[in-house]
Amino acid sequence: TRLLTSVRYRLGLVQRGEALRLARRGRFHDAQWAFARASGLTPDSDDSWTGLAQYLEAKGGLSLKIAALQASLGRGGGRHAQSALLVAMIRADRAAEAIALTESISDPDAALSAAMDIAAAGHHAQAERFARWSTVLAPKRADAWFQLGSVYAGLSRYDDAVAALE
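Residues numbered from 1 in each chain as written. Predicted model: local features only at pLDDT ≥ 70, side-chain atom pairs only at ≥ 80, totals over all residues. Heavy atoms only, no water.

(A) Focus on the packing of helix α8 (residues 124–137) against helix α9 (residues 142–154). Following both chains from N to C, one finds α8 and α9 inclined at 160°, their axes separated by 9 Å at the closest point. In terms of axis orientation, α8 runs roughly antiparallel to α9. For the crossing formed where α8 meets α9, the hand is left-handed. The segment α8 lies against α9, with His 124, Ala 127, Glu 128, Ala 131, Arg 132, Ser 134 and Thr 135 engaging Ala 144, Trp 145, Gln 147, Leu 148, Val 151, Tyr 152 and Gly 154. Its residues assigned to classes, the contact of α8 with α9 comprises seven nonpolar, five polar and two charged. (Axes fitted to C-alpha atoms, helices over the stretch in contact; angles between N-to-C directions. Helix = DSSP H or I, 4+ residues; strand = E, 2+ residues; numbered from the N terminus. Parallel < 35°, antiparallel > 145°, perpendicular 65-115°, else oblique. Left-handed = near helix turned anticlockwise from the far one by under 90°. Contact = heavy atoms within 4.5 Å. Nonpolar A, V, L, I, M, F, W, Y, C, P; charged D, E, K, R; others polar.)

As structure tokens, then:
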């Protein structure tokens, strides 16, 4: 059993290394498949793309993470990958690009998830746009309005926060 565990661990390291090499060559879809195999994740899933992105940031930097997450859009990367992309863009001083993507989000859950993740990363000014967009997409959802109020509170705009919560 120990031998099998050791072999699986070493195989995982080799496959993750292959994923990094593929990503550095711009072959993100192939890299995601290698990472998914190494990690026991379903290929072309939101988890495999976000896992790959975290791994690439640790090994290759933020720009490699952003490139992988951009490749994930339309290839199995769901709202978590999209949200991770927006947070990474903001962290890389590419907030204008992230904000430009706001209205391309048609899923209220994705907009709300982005607002929550961006605010949690401490970027309340950028999170405001996504929180407001989530209330446009789903005006009757209390959690969207709560998130908008929370973002306003993070910006010390307490009158706006109260208004959003009423």
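Here the narrative resumes.
(B) Spotlight on the side chain of Glu 128. As for its placement among the helices and strands, Glu 128 is situated in helix α8. Among the residues examined, Glu 128 registers a relative accessible area of 12% and is labelled buried. The contacts of Glu 128, once residues within four sequence positions are left out, are Leu 148, Val 151, Tyr 152, Leu 155 and Arg 157. (Buried < 20%, exposed > 50% of the residue type's maximum accessible area, 1.4 Å probe, protein only.)

(C) Main features of the pattern of salt bridges. Going through the model one piece at a time under the given rule, you end up with nine salt bridges. Its salt-bridge partner being Glu 128, residue Arg 157 comes within 3.1 Å of it at the nearest N-O pair. Highlighted residues: Arg 157 in the loop between α9 and α10 (158–165) and Glu 128 in helix α8, separated in sequence by 29 residues. With a relative accessible area of 30%, Arg 157 lands in the partly exposed category. (Salt bridge = Lys/Arg side-chain N within 4 Å of Asp/Glu carboxyl O.)

(D) Inspection of helix α5 (residues 79–91) at higher detail. Here α5 contains 13 residues, and its C-alpha end-to-end distance of 18 Å stays within 8% of the 18 Å for a straight helix at 1.5 Å per residue. Following α5 by one or two positions, Asp 93 adopts a phi angle in the positive range, close to 60°. (Expected span 1.5 Å × (residues − 1).)

(E) Examining unusual backbone geometry more closely. In this structure, Asp 93 takes a positive phi of about 60° despite not being glycine. With respect to the element layout, Asp 93 can be found in the loop between α5 and α6 (95–100). With relative accessibility at 73%, the residue Asp 93 sits in the exposed group. Unusually for a residue other than glycine, Ser 156 sits at a positive phi of about 60°. Locating Ser 156 in the fold gives a position in the loop between α9 and α10. For Ser 156, a relative accessible area of 48% gives the class partly exposed.

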